[in-house]
Amino acid sequence: MQPWLGDEEVEAVTEVLRSGWVAQGPRVAEFERRFAASQQAAHAVATSSCTTALHLALVVAGVRPGDDVVVPSFSFIATANAAVYVGARPVFADVSVETGNLTAATVREALTPRTTAVIVVDQGGVPVDLDAIREVCDPLGIVVIEDAACGAGSTYRGRPVGAGAEIAAWSFHPRKILTTGEGGMLTFAREDRAVRARKLREHAMSVSAADRHASLVSPPESYDEVGFNFRMTDLQAAVGIVQLSRLPEVVARRRELAAVYAKAVADIDGLRAVADPAWGTCNFQSFWIEIGSAYGTDREDLLTALAEAGISARRGIMAAHRQPAYEASGVSLPVTEHLTDNTLILPLFHQISDSEQARVIDVLRQGGARR
Ligand SMILES: *Cc1c(COP(=O)(O)O)cnc(C)c1O
């Protein structure tokens, strides 16, 4: 992945610097408004990262120490860590081999009497089948939080991912579709949750810094609970506003590049590429391929062959339950383990050239048996 940044972002940051207001202020508020509108969410609250957004989401959802939170292991480790931050236990559920995402069946299997929340992920930008999972969880009063860190620009049943979630969390790390350097966002269906999140991200202060500075004599602030500093800066939000305006173009380009890879991979025995599920479309944030036994070369050797051709690919999505931090869970997740061991992520970014992509495809063809 390479971020796609241009002169417009440079100008936007310069303008903020010249304004003298660099911390959370009018640009953050504008970014929130625009993001909510583009994702068809009722409310948006910017944060310092998706990790802090997930942490805040669990607090606002009412998850308490001793609770269980069902999460995929097949995700960046921040998904599981968020549960630990609020004193809950992450309970790992397996994923579907087609999508790499939790399903209603794998979630149901992982529920315990102490489960109060489930974090589903749109892994690599593949939309999760949220409605099916909410059908299991909603009647039990279990909050489903969508970790849409990779999901900007993907759709679910004709709407942006996250639009059908009670709470969704987004990332603007440079590895994701939109970037602000570091940064995150929460979107909410319910206003009371958005109001509480907005307050908690700013030390639970009763009067926001922006409101205090807007008046010469501000009312004394109070702190009704223990909050956090999870604020985004106006410098970041200014970049985010420009990046958001590029989203349709970025996603169209990624889908075009993904289609070229998909066509090539379909003609190579033993390889399978990530694809749109029946219920939505992918932004192809991570274009992964699965290396099957019919390919004749394993994942590690293919990575080496790519590296020798000067191509930087990456091992597939990690499995958190295998990391030392979570080994004690002792859980066995066959599909997660299969995917994490047998997939790799191909280079795919806005500026990649046709000839660069053709070189990647050449190595894939040489690595395996031709049809
Ligand atoms: C990247 C990522 C995160 C963490 O995002 P940050 O903004 O870097 O904190 C969380 N969840 C998933 C699924 C991710 O891919």
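Residues numbered from 1 in each chain as written. Predicted model: local features only at pLDDT ≥ 70, side-chain atom pairs only at ≥ 80, totals over all residues. Heavy atoms only, no water.

Where we set the bar: UniProt positions are given in the numbering used here, feature names are shortened, and annotations may be inferred rather than shown by experiment.
In the nomenclature of an unreviewed UniProt entry, the protein is known as DegT/DnrJ/EryC1/StrS family aminotransferase of Nocardioides turkmenicus. UniProt, in its Cofactor (unreviewed entry) section for the protein, records the words "pyridoxal 5'-phosphate". Looking at the protein in UniProt, the text filed under Sequence similarities (unreviewed entry) is "Belongs to the DegT/DnrJ/EryC1 family."

### Looking at the sheet that holds strand β3 (residues 89-93)
Here is the rule we go by: Note: two strands are recorded as paired if DSSP finds a minimum of 2 bridges between them. Labels follow the DSSP assignment, with helices taken as runs of H or I lasting at least four residues and strands as runs of E lasting at least two, numbered in each case from the N terminus. Orientation is described by axes fitted as lines to C-alpha atoms, over the contacting stretch for helices, and by angles from 0 to 180 degrees between their N-to-C directions.
Read from one edge to the other, the open sheet built from seven strands follows the order β1-β9-β8-β5-β4-β2-β3, with strand pairing classed as mixed. Edge positions in the sheet fall to β1 (43-47) and β3, since each of these pairs with one other strand and no more. This sheet shows a mean twist of 25° between the axes of neighbouring strands, independent of strand direction. In the sheet, strand β2 (residues 68-72) pairs with strand β4 (residues 115-121) via three bridges, with the strands oriented parallel.

### Comments concerning the environment of Val144
Convention followed: Whether two residues are in contact is decided by their heavy atoms, any of which lying within 4.5 Å being enough.
As for its placement among the helices and strands, Val144 is situated in strand β5 (residues 143-147). Residues Val144 and Arg64, 80 residues apart in the sequence, show an inter-C-alpha distance of 15 Å. With near-sequence residues (within four places) excluded, Val144 lies in contact with Val118, Val120, Leu130, Ile133, Arg134, Cys137, Glu166 and Ile167.

### Some thoughts on the pairing of β3
What counts, and what does not: Categorising residues by exposure relies on relative accessible area from a 1.4 Å probe, with only protein chains included: less than 20% of the type maximum marks a residue as buried, more than 50% marks it as exposed, and the intermediate range marks it as partly exposed. For crossovers, right-handed means that the path from the first strand over the helix to the second runs clockwise, given strands pointing away from the viewer.
For β3, a buried count of four out of five residues is recorded, marking the element as mostly surrounded by other parts of the structure. Viewed along the sheet, the connection from β2 through helix α4 (residues 78-85) into β3 turns out right-handed.

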